[in-house]
Amino acid sequence: MNLAISTRPQAPERKPTGRRRTMLLRSLPMLAWLIADLVLVVTHPFVAEATWLMVHLLLLGAVSNAIVVWSTYFSDAVLRVPGGHPRRDRIVLAALNLGALGVVIGLLLHPARGGSGSPWILIAGATVFGAAAVTHVAGLLHQLRVGLGGQFAIAVRFYVAAALSLPVGAWLGVRLAGATTDHARLLLAHLGANVLGWVGLTIAGTLITLWPTMLRTRADDGAVSSGRRGWWMLVIAVALVMAGGLAGLRWVAVLGLLAYILGLALIAGPLLRVGLAKRPDSFGPWSVLAGFLWWIGCLVAAALQLAMAPDLVAGVAGVRGLVGPFAVGFVAQILVGALTYLLPVIVGGGPSVVRLSVAFAERAAGPRLLLLNLSAILYLLPLPSLVRITLSLAAVGALVWTFGVLLGTVITGLRAVRSVKQSTPTRTRAETAPGPAVGRRRRSGEAAAVVGVVALLVVAAAMVDPVAVVGRYVAPAPAVDAVGPGGAAAGAADVTPTGNTTTVQVEAIGMKFIPAVIDVPVGDRLVVELTNTDPGQVHDLVFANGVSSGRLAPGASATVDVGIIGATLDGWCSIAGHRQMGMTMVVNAIGGDPAHIGHAAPSDAPDVVSDPHAEPGPGFRVRDPVLAPAATGTVHEHTFTVQEKVTEVAPGVRQTLWTFNGTAPGTTLRGKVGDVFEITFVNDGTIGHGIDFHAGALAPDRPMQVIAPGESLTYRFTATRAGIWMYHCSAHPMSLHIANGMFGTVIIDPPDLPQVDREFVLVQSEQYWGPQEAAGSMDKIAARTPDAVVFNGYPGQYARVPLEARTGERVRIWLLNAGPNESLAFHVVGGQFDSVWREGAWELRCGEPGDAAAGDCTDTGPGGSQTLGLLASQGGFVELEMPEAGHYSLVNHQMSLAERGAVGTIRVVD
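Quick caveat: nothing in here was measured; it's all calculated off a predicted structure.

Calculation rules
- Residues numbered from 1 in each chain as written.
- Predicted model: local features only at pLDDT ≥ 70, side-chain atom pairs only at ≥ 80, totals over all residues.
- Heavy atoms only, no water.
- Helix = DSSP H or I, 4+ residues; strand = E, 2+ residues; numbered from the N terminus.
- Contact = heavy atoms within 4.5 Å.
- Areas by Shrake-Rupley, 256 points an atom, 1.4 Å probe, with all protein chains shown as cover.
- Pairing = 2+ DSSP bridges.
- Axes fitted to C-alpha atoms, helices over the stretch in contact; angles between N-to-C directions.
- 1 Å grid on protein atoms, 1.4 Å probe; cavity = no way out; pocket = protein on both sides within 12 Å on 5 of 7 lines; lining within 4 Å.
- Points joined across faces, edges and corners; volume = space filled by probe spheres on them.
- Nonpolar A, V, L, I, M, F, W, Y, C, P; charged D, E, K, R; others polar.
- Salt bridge = Lys/Arg side-chain N within 4 Å of Asp/Glu carboxyl O.
- Buried < 20%, exposed > 50% of the residue type's maximum accessible area, 1.4 Å probe, protein only.
- Phe/Tyr/Trp six-rings, centres within 6.5 Å; stacked < 30°, edge-to-face > 60°.
- Polar contact = N/O pair within 3.5 Å; in protein donor to acceptor, adjacent residues only side chain to side chain.
- Core = buried A, V, L, I, M, F, W, Y, C linked by side-chain atoms within 4.5 Å.
- pLDDT = per-residue confidence, 0-100.
- Lys, Arg positive; Asp, Glu negative; His and termini not counted.
- Expected span 1.5 Å × (residues − 1).
- Bend = angle between axes of the 7 residues up to and from the residue.
- Parallel < 35°, antiparallel > 145°, perpendicular 65-115°, else oblique.
- Left-handed = near helix turned anticlockwise from the far one by under 90°.
- Patch = residues over 30% accessible without salt bridge, like charges linked within 9 Å, V, L, I, M, F, W, Y side chains within 5 Å.

J.: I'd like to hear about the overall build of the chain, residue by residue, with values.
T.: Assigned secondary structure in the chain consists of 21 helices and 28 strands. Long-range contacts, defined here as pairs at least 24 residues apart, represent 76% of the contacts in the chain between residues at least 6 apart. Surface accessibility of the chain: about 36,600 Å² in total, with carbon and sulfur atoms responsible for 62%.

J.: Quick one: what's the story with the sheet that holds strand E28 (residues 903-909), residue by residue and with numbers?
T.: Spatially, 5 strands are ordered E20-E28-E27-E22-E25 in an open sheet, and the strand pairing comes out mixed. Single-partner strands in this sheet number two, and they are strand E20 (801-806) and strand E25 (868-870). On average, each strand axis in the sheet is tilted by 20° relative to the strand beside it, whichever way the strands run. In this sheet, E28 lies alongside E20 in parallel orientation, the contact comprising 4 bridges. From the neighbouring strand, Leu803 faces E28, where its bridge partner is Ile906.

J.: Which residues make up empty space enclosed by the protein, and what values go with them?
T.: Remark: the empty space left among the atoms is shown by a probe the size of a water molecule rolled over them. Tallied over the full model, the rule gives 5 cavities of 30 Å³ or more. Of the volumes computed, that of the largest cavity is approximately 270 Å³. As for the largest cavity, its lining consists of 18 residues, of which Ile203, Thr206, Ile334, Leu335 and Ala338 are closest to the centre. For the lining of the largest cavity, the elements supplying multiple residues, two or more each, are helix H4 (48-79), helix H8 (183-214) and helix H13 (323-347). The class makeup of the residues in the lining of the largest cavity is 15 nonpolar, 3 polar and no charged.

J.: Please set out the pattern of salt bridges residue by residue, giving values where relevant.
T.: Inspection of every chain in the model, using the stated rule, returns 20 salt bridges. Arg579 is the partner of Asp779 in a salt bridge, and the nearest nitrogen-oxygen pair spans 3.9 Å. Separated by 200 residues along the polypeptide, Asp779 in helix H19 (residues 778-783) and Arg579 in the loop between strand E7 (568-572) and strand E8 (584-590) bring together distant segments of the chain. Classification of Arg579 by relative accessible area gives buried; the value is 17%. Among the ionic pairs, Glu759 bridges to Arg670, the shortest N-O distance being 3.0 Å. Placement of the pair is Glu759 in strand E18 (residues 758-767) and Arg670 in strand E12 (residues 669-672), with a sequence separation of 89 residues.

J.: Help me get a handle on the packing of aromatic side chains, residues and values and all.
T.: With the rule as written, the count across this model stands at 24 aromatic pairs. Considering the side-chain rings of Phe640 and Phe660, the 6.1 Å spacing of their centres and the 45° angle between planes classify their relative orientation as tilted. Taken together, the residues Phe640 in strand E10 (residues 635-650) and Phe660 in strand E11 (residues 653-660) connect sequence positions 20 residues apart. Grouping residues by exposure puts Phe640 and Phe660 together as buried. Consider the rings of Trp842 and Phe877, whose centres lie 5.4 Å apart with planes at 85°: the pair is edge-to-face. Taken together, the residues Trp842 in strand E24 (residues 841-844) and Phe877 in strand E26 (residues 875-881) connect sequence positions 35 residues apart.

J.: Hey, could you go over the side chain of Asn683 for me, with residue numbers and the actual values?
T.: As for its position among the elements, Asn683 is in strand E13 (residues 676-683). A distance of 2.9 Å separates a polar side-chain atom of Asn683 from the backbone nitrogen of Gly685.

J.: Please give an account of the nonpolar core that cites residues and values.
T.: By size, the foremost hydrophobic cluster in this structure holds 147 residues, and its most contacted members are Trp70, Phe158, Tyr260, Trp295, Leu306 and Phe330. Leave out the neighbours within four places in its chain, and Leu306 touches Leu188, Arg250, Ala253, Val254, Leu257, Leu312, Gly315, Val316 and Val319. Ranked by size, the runner-up nonpolar core spans 60 residues in total, among them Leu526, Leu552, Cys573 and Val642.

J.: Help me get a handle on the confidence of the model for the chain, residues and values and all.
T.: Per-chain confidence: the chain averages 83 in pLDDT, with 85% of residues scoring 70 or above. Every residue in residues 1-16 is under pLDDT 50, and counting partners more than four places away or in other chains gives 40 contacts. Taken together, the stretch residues 466-492 has pLDDT below 50 and engages in 71 contacts with residues farther than four places along the chain or on a different chain.

J.: Got a sec to walk through the side chain of Glu644? Specific residues and values, please.
T.: On the secondary structure map, Glu644 appears in strand E10. We note that Glu644 is buried and unpaired, the nearest opposite charge coming from Arg551 at a distance of 5.9 Å. Side-chain polar atoms of Glu644 contact the backbone nitrogen of Thr686, separated by 2.7 Å.

J.: Residues and numbers for H13, please.
T.: Here H13 contains 25 residues, and its C-alpha end-to-end distance of 33 Å stays within 8% of the 36 Å for a straight helix at 1.5 Å per residue. Its maximal kink placed at Thr340, H13 deviates by approximately 30°, while the proline Pro344 follows within four residues. Of all the 25 residues making up H13, 23 are buried; the element is thus mostly covered by neighbouring parts of the structure. Just downstream of H13, Gly348 is the residue with a positive phi angle, here 65°.

J.: Tell me what's going on with the environment of Ser889, and back it up with residues and numbers.
T.: By secondary structure assignment, the location of Ser889 is in strand E27 (residues 886-892). Along the chain, Ser889 and Val828 lie 61 residues apart, while their C-alpha atoms are 5.7 Å from each other.

J.: So, the environment of Cys729: which residues are in play, and what are the values?
T.: Tracing the backbone through its elements, the reader meets Cys729 in the loop between strand E16 (723-728) and helix H18 (734-739). Remark: the alpha-carbon pair of Cys729 and Thr659, spanning 70 residues in sequence, is separated by 9.2 Å.

J.: For H8, give the residues involved together with the corresponding values.
T.: Where H8 bends most, at Leu207, the angle is about 45°. Judged by how many residues are buried, H8 sits mostly within the fold: 31 of 32 residues are covered. One or two residues past the end of H8 sits Arg216, with phi positive at roughly 55°.

J.: How would you explain the packing of helix H11 (residues 283-308) against helix H12 (residues 312-320) if you had to name every residue and give the values?
T.: Where H11 contacts H12, the two axes come as close as 7 Å, and the packing angle between them is 160°. Judged by the angle between their axes, H11 and H12 are roughly antiparallel. Taken as a pair, H11 and H12 cross one another with a handedness that is right-handed. Of the residues in H12, those touching H11 at Ala302, Gln305 and Leu306 are Leu312, Gly315, Val316, Gly318 and Val319.

J.: Provide a residue-level description of a nonpolar patch on the surface, including the pertinent values.
T.: The grouping of Leu101, Ile105, Leu108, Leu109 and Ile121 at the surface amounts to a nonpolar patch, some 370 Å² of accessible area in total. Broken down by element, the nonpolar patch gets its largest block of residues, 4 residues, from helix H5 (residues 86-109). Inspection of the secondary structure assignment puts Leu108 in helix H5.

J.: Before we move on, could you go through the sheet that holds strand E14 (residues 692-693) and cite the residues and values that matter?
T.: Strand pairing within a sheet occurs via backbone hydrogen bonds; the two strands may be parallel or antiparallel. In space, the 4 strands of this open sheet follow the order E12-E17-E16-E14, with mixed pairing throughout. Edge positions in the open sheet fall to E12 and E14, since each of these has one partner strand only. Pairing analysis gives 6 bridges linking E16 to strand E17 (residues 743-749), with the strands arranged antiparallel. Across the sheet, residue Trp725 finds its bridge partner in E17, namely Val746.

J.: Explain the packing of helix H9 (residues 223-247) against helix H10 (residues 250-277) to me, using residue names and the numbers behind them.
T.: For the pair H9 and H10, the least separation of the axes is 7 Å and the interaxial angle reads 165°. Classed by the angle they form, the pair H9 and H10 counts as roughly antiparallel. Handedness of the H9/H10 crossing: left-handed. A breakdown of the residues in the contact of H9 with H10 according to their chemical character gives 18 nonpolar, 6 polar and 1 charged.

J.: For the pairing of E26, give the residues involved together with the corresponding values.
T.: Burial of E26 is extensive: 6 of the 7 residues sit out of reach of the surface. As judged from the 7 bridges shared by strand E21 (residues 810-819) and E26, these two strands associate in the antiparallel manner. Paired with Arg810 across the bridge in E26 is Glu881. Of the pairings in the sheet, the one linking strand E23 (residues 835-838) to E26 comprises 4 bridges and is antiparallel in character. Following the sheet pairing, Trp837 is matched in E26 by Phe877.

J.: I'd like a description of the environment of Leu109, backed by residues and values.
T.: With respect to the helices and strands, the residue Leu109 is situated in helix H5. On the basis of relative accessibility, which here comes to 32%, the residue Leu109 falls in the partly exposed class.

J.: Can you explain unusual backbone geometry? Please cite residues and give values.
T.: Ala664 connects to Pro665 through a cis peptide bond whose omega is 5°. For Pro665, the position within the fold is in the loop between E11 and E12. A positive phi angle is found at Asn661, which is not glycine, with a value near 65°. By the secondary structure assignment, Asn661 is in the loop between E11 and E12.

Spelled out as structure tokens, the structure:
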């Protein structure tokens, strides 16, 4: 059977049939969902908080519409059902879109996501959506019963199994939206039902018939039997993935993914033979082929993520990162490839009009296909986020371009249908195509142009964000000339070269060089073959004679020609803080003078000095100390991006800070006991960084690991206990990373926390200044000699711009001591604390502890507190009321630290 005959017009029709006009009209909702999704992608690129919405608009909205419309169409074709059932189809599509809209609105307004709506909106939307799927199944079964059948009826079995998985996926989605536990299990099962089941099974069944049709050839004789075996394998695989997810059995899910890949391989065998016999020659088949390869690649990557992860939670976090490539690389390309073939057929109008529509659909086919796939492949590399954003926009641009071409194809075809006359059809571009040689030259030129444009975009993005690129994947810096007069190493006594070369392999890992001591005969040339095997850290090796390896990303290597050795020579890693952590090396000159070429200590660099009476620079902005209320949702999603930026940290002092999201302290998070926090951590710095949230109790192995520049991870934790918790960089030396700006706070409200009139949050930290516009001084940190001690990142800022309150108002001040070294003795001059909460417990509360009046601040009781003491990383809060107007100073009552900047003021008015 040649299915191509059954899906193409059989006669030179002069206008679209009612069936085809109906197909075009039913495709309009799909177009609306696609437009909404593309707008969101363009306006919110690389924003983790919007990713779930992008995916749902594409898969739940556009793709689900396409599945219902085209699976019905193909079922009619292969079963030879005349006329179909238009009323039922309209009901299914209306319910599907109403349910999808309800799901999207329900998710946006769901209380668990911080919305103000009811969870019943989501439940109602999912119910209607699932009911539409069940009705669609009933329609497919009816078609199987009344149709004439045929050898390709196996495709309809795929559609039925796919539609049956959708209500299950919808139910799992509802459970997932409000889940505070078992999130990974529910998510994996949800992806199995909706992505592998609803979307994957439908596409697998369609390709059995559509692929040979697109190539305009007969199906392979083994397609049907392979399809039947593949159907069983894929259905079982989907069930295994869902069961493995729900039961928390990681290896069952891995087995399911492997079975799914095997099922696709069974189906792909006959399709491959057809493709080799008649190779693709147009955009549609090439796009479908590219999408199929992305499909297999994503499945293999997902299986590896689950298999290699230490547990199910870590594995699902890795799988979740593949949803974007799956949606764009696989689903979107399959969709546009199929539409490129089908739309000219549906528009119809006779052979001449179809050729005209096809010619329009093939415009710039090669550049569109190459731009999308090249951008998507490069996006997967560990590049700076701005470069990845640019690449994602390039891929989206290719999709927008293609959808524009498809829209133009429909418009061109419909216009041609209206204007066609009885005269001889006009010659089209397809009939006047260039010869093979001209075509090859044109395609080569187009490919070169696309590669050039993508390269230009990458370079431009890197130039805009150079700090995120320096030291990542560049080749090691060339060694400087290390040989002094007479062939000796610089700074050493004259020696006679022996002509021998000592080659040593050195490994940089775990803040040390292995070996750390190298013995070299005097006069030998030393060559060091350095490999950075540290999984998350950038390192280098600098010798005291000026030779450097340049910065090496994890896994990179460099050959360092140290020169002729005439004296003992020091080496070290010059990344901030690494030398002080022990990354040093000694090259012993054997048989020579005891001369020693050492390194200059960082203290040799000129110190910067701040005038405490000077005004801040023009770009200075006071950090708002007002604490916002806790969000109403139970799931909080945030993106934390490492940024290295030169910042004024005191009047006249500019330092290169390492920050979370550009500020030190980083973003303050707030929630309630039981809330879930999901942090997408992106390292856009030039060295390794990690993150450690004290607010979550979990194994640190994966979420707190140090990641290399350009990499990212997902950190998910449940807040099980109240407190003001610190978060900070987990890379060594932690003291330097914290002092250099990588810290912040998560506030989890106690369940019985009373309302107050005003809430503030102050984070104390210390500054250890390095040279101007450089990172902080590790030597000063080790000596515990801070240059400044500050609240919220700048010395004395709240003495310049005071906190505001009124007499009689109840004020709560949350406090965290980020350290890394000094303590905080918080005191309000002129105030007394009637309530003190420290490290998860009330130490003093309005009214007598244990009294019925506890918490009633009209009864202050006989006791009070003057100071809240906090060691590094500890936190709490104090409450007080100021009895009269005036200026109440805030100080660290360890006065030498207050005199370094840990001061502020509350201005109280009547």
